[in-house]
Amino acid sequence: IMSNAFSKEERIAWEALCEGFADNQVLSKNVSVYQTDQTTMERTNDVMWRPQPYIMQSHDGTDATGNFDDATQLTVPATIGYQKHSAWVMSATELRDAMQEGRLGQAARDKLSSDINVAVMNVAALQGAHVIKRTAAATGFDDVALAEAVFNEIGVPGMDRYLALSTRDYNGMAANLASRSTMTGKPTNAYEQAYVGRVASFETFKMDNSRRIAAAAGGAGITMSTLDAGGNYYTPKATSTSATGEVSNVDNRYQTITVSSTTNVAAGDAFTVATLDSVHQITKQDTGQLKSFRVISVDSATTMTISPPMITGQGGTDAELQYQNCVINTKASNSALVFLNTTAAAANPFWHKDAIELLPGRYAVPDAAGAAVMRFTTDQGIEIVMTKQFDINTLKTKFRVDTRFGVCAKQPEMMGLFLFGQA
């Protein structure tokens, strides 16, 4: 008989644990999945570059002379960077109660599945480019319709749109829906189950755990130059060449800008810039709406990294014309930054499915190295590994459940969030 073999009772518990794990994947079920080759990932330090969608130009007339420009492909680094495990130990006497072992396994399952959901939520909440500020509490259709307008105006595909709301904000929308006596079906579900469902092209979900965005502490009066000479516009490029001649890919999701001051500015803050509007990313038509940006990091007293970059077309390069995402209507040396997160609030992310990518990983745990091993792969390709090892010295058995994965914000401009109750 193989040492440390799992009993039949443990195998039944493991199967139930894995089924529950898959059921718990609420947010991560609604993002795209890229199945990685684990040998390749090991050789590349668990990093690979994923392509962003091309955006091309068109020209008038039949004469294409002079229009054969280089096409710039943008890519982003995707990393299997999360390694999560849950571990516990049971004595020989505790193992007499198989029910306790099952409860511990279920708790481990719930924590690891929560870790994956939280990772997806954090990516959406901290890197979503579109921030919709609402002064009142969540009320329903009018709120979600704003997210639809933002996505439609810049050309985000109309299908596979999702919105995850904190419990209080979700229930606020359900209360509004429950009061609509002129509708059938939905108001009853909203009243009895606090259920909202599909609204304004978004599938909605209720979160029992939501990330909060702090109020911006950066004071009024922060400005930046939007003049051509100010250099705060971004030129996309596929690769860069170092001084030694080495060529490497470029992550075009971020840009470093220079402002008058970064005092009290923090990562996660959201802001707009005076007279800087978003554009439809295919037609390049001005939407008439101020474009919002997120602070990714504060780098010095006057510089910070933001997302998305300000691709205004001021440089006139082909790459800028391809990927232009905003326009400056009035250039100035002191264009004002206006912070949107004026009150601490729950972040309610919305996204298109292809904006966020989940990368399953795995461990190559040997089956015959003194520990019993069982594996399970979810529908998304996430591998769960359970190992058990007995210590003859103490009559105690160690258990652990492991998973590896990555979450990549492939396209921040297909992600955003609601902030309700803002001043």
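Up top you'll find the structure we're talking about.
Conventions we followed
- Residues numbered from 1 in each chain as written.
- Predicted model: local features only at pLDDT ≥ 70, side-chain atom pairs only at ≥ 80, totals over all residues.
- Heavy atoms only, no water.
- Helix = DSSP H or I, 4+ residues; strand = E, 2+ residues; numbered from the N terminus.
- Buried < 20%, exposed > 50% of the residue type's maximum accessible area, 1.4 Å probe, protein only.
- Contact = heavy atoms within 4.5 Å.
- Phe/Tyr/Trp six-rings, centres within 6.5 Å; stacked < 30°, edge-to-face > 60°.
- Lys NZ or Arg CZ within 6 Å of the ring centre and 35° of its normal.
- Pairing = 2+ DSSP bridges.
- Expected span 1.5 Å × (residues − 1).
- Salt bridge = Lys/Arg side-chain N within 4 Å of Asp/Glu carboxyl O.
- Core = buried A, V, L, I, M, F, W, Y, C linked by side-chain atoms within 4.5 Å.
- Patch = residues over 30% accessible without salt bridge, like charges linked within 9 Å, V, L, I, M, F, W, Y side chains within 5 Å.
- Areas by Shrake-Rupley, 256 points an atom, 1.4 Å probe, with all protein chains shown as cover.
- Axes fitted to C-alpha atoms, helices over the stretch in contact; angles between N-to-C directions.

Quick word on the overall build of the protein
Reasoning step 1: Of the regular secondary structure elements, the protein holds seven helices and 25 strands.
Reasoning step 2: In the protein, buried positions account for 47% of the 423 residues.
Reasoning step 3: Put simply, 76% of the contacts in the protein that link residues at least 6 apart link residues at least 24 apart.

Some details on the packing of aromatic side chains
Reasoning step 1: If you walk through the whole model with that rule in mind, you get 11 aromatic pairs.
Reasoning step 2: Ring centres of Phe418 and Phe420 lie 5.4 Å apart, and the angle between their planes is 5 degrees; on these two criteria the pair is classed as stacked. In this pair, the class of Phe418 matches that of Phe420, namely buried.
Reasoning step 3: Grouped by ring-pair contacts, the aromatic residues Phe151, Phe202, Phe350, Phe418 and Phe420 constitute a single cluster.
Reasoning step 4: The side chain of Arg50 reaches across the aromatic face of Tyr34, ending 3.7 Å from its centre.
Reasoning step 5: For Arg404, the ring lying beneath its charged end belongs to Tyr363, and the centroid distance is 5.4 Å.

Regarding the pairing of strand β6 (residues 161-166)
Reasoning step 1: Among the six residues that make up β6, six are buried, leaving the element largely enclosed by the rest of the structure.
Reasoning step 2: Judged by which residues are buried, β6 turns out to be covered on both faces: Arg161, Leu163 and Leu165 on one side and Tyr162, Ala164 and Ser166 on the other are all buried.
Reasoning step 3: When β6 meets strand β20 (residues 348-352), the two strands line up antiparallel, connected through three bridges. Paired with Tyr162 across the strands is Trp351, a residue of β20.
Reasoning step 4: Here five bridges tie β6 to strand β8 (residues 202-207), and the two strands are oriented parallel to one another. Opposite Leu165, over in β8, you have Lys206 as the bridge partner.

A word on helix α4 (residues 141-154)
Reasoning step 1: Taking 1.5 Å of rise per residue, 14 residues should cover 20 Å, and α4 covers 20 Å from first to last C-alpha, within 8% of that figure.
Reasoning step 2: Here α4 has its buried residues at Asp143, Val144, Ala145, Ala147, Phe151 and Ile154.
Reasoning step 3: Gly155 sits one or two positions beyond α4 and adopts a positive phi of about 90 degrees.

Thoughts on the pattern of salt bridges
When the charged atoms of two side chains with opposite charge come close together, those side chains can pair.
Reasoning step 1: A full pass over the atoms with the stated rule returns 10 salt bridges.
Reasoning step 2: Salt-bridge contacts for Arg134 lead to Asp143; the nearest nitrogen and oxygen are separated by 2.8 Å.
Reasoning step 3: Across the pair Lys410 and Glu357 runs a salt bridge, and its minimum N-O distance is 3.1 Å. Linking Lys410 in the loop between β24 (396-409) and β25 (415-419) with Glu357 in strand β21 (residues 356-360), this pair joins segments that are 53 residues apart in sequence.
Reasoning step 4: Lys410 gets classed as buried once you look at its relative accessible area, which sits at 11%.
Reasoning step 5: Several salt bridges converge on common partners, so that one network encompasses Arg50, Glu357 and Lys410.

Thoughts on the pairing of strand β13 (residues 255-258)
Reasoning step 1: The alternating pattern of β13 places Gln255 and Ile257 on a buried face and Thr256 and Thr258 on a face that is not buried.
Reasoning step 2: In this sheet, strand β16 (residues 303-307) lies alongside β13 in antiparallel orientation, the contact comprising four bridges. Residue pairing in the sheet places Ile257 in a bridge with Met304 of β16.

Focus: the environment of Met386
Reasoning step 1: Residue position: Met386 is located in strand β23 (residues 383-391).
Reasoning step 2: For Met386, a relative accessible area of 6% puts it in the buried group.
Reasoning step 3: Separated by 13 residues in the primary sequence, Met386 and Val373 place their C-alpha atoms 5.8 Å from one another.

Some words on the nonpolar core
Reasoning step 1: Ranked by size, the top nonpolar core spans 47 residues in total, and within it Phe350, Trp351, Ile356, Val407 and Met415 carry the most contacts.
Reasoning step 2: Each residue touching Trp351, except ones within four places of it in the same chain, is listed here: Leu27, Asn30, Val31, Phe151, Asp160, Arg161, Tyr162, Ala164, Ile356, Met414 and Met415.

Focus: the environment of Ile306
Reasoning step 1: Counting through the fold element by element, Ile306 comes out in strand β16.
Reasoning step 2: It is 9.3 Å that separates the C-alpha atoms of Ile306 and Gln127, two residues lying 179 residues apart in sequence.
Reasoning step 3: Non-local contacts of Ile306, meaning those with residues more than four positions away in its chain, are made with Arg253, Tyr254, Gln255, Ile257, Phe271, Phe293, Arg294 and Ile296.

Quick look at a nonpolar patch on the surface
Reasoning step 1: There is a patch of nonpolar side chains on the surface, built from Phe390, Ile392 and Leu395 and spanning about 310 Å² of accessible area.
Reasoning step 2: You can see Ile392 is positioned in the loop between β23 and β24.
Reasoning step 3: Taking the relative accessible area as the measure of exposure, Ile392 reaches 66% and is therefore exposed.

Concerning the sheet that holds β6
Reasoning step 1: Reading across the sheet, the six strands line up as β5-β25-β20-β6-β8-β7 and stay open at both edges, with mixed pairing between neighbours. The open sheet has two free edges, formed respectively by β5 (130-133) and β7 (198-199), since each of these has just one partner strand.
Reasoning step 2: Against the sheet, α4 touches β5, β6, β7, β8, β20 and β25, its axis set at about 150 degrees to β5.

A short note on unusual backbone geometry
Reasoning step 1: A cis geometry characterises the amide bond from Ser307 onward to Pro308, with omega recorded as -5 degrees.
Reasoning step 2: Along the chain, Pro308 falls in the loop between β16 and α7 (318-323).
Reasoning step 3: The phi dihedral of Asn45 falls on the positive side, at around 60 degrees, and the residue is not glycine.
Reasoning step 4: Position of Asn45 among the secondary structure elements: in the loop between α2 (38-43) and β2 (47-51).

As for the environment of Ala220
Reasoning step 1: Its location among the elements puts Ala220 in the loop between β9 (212-213) and β10 (223-224).
Reasoning step 2: Separated by 117 residues in sequence, Ala220 and Leu337 place their C-alpha atoms 8.0 Å apart.

These figures capture arrangement, not role.
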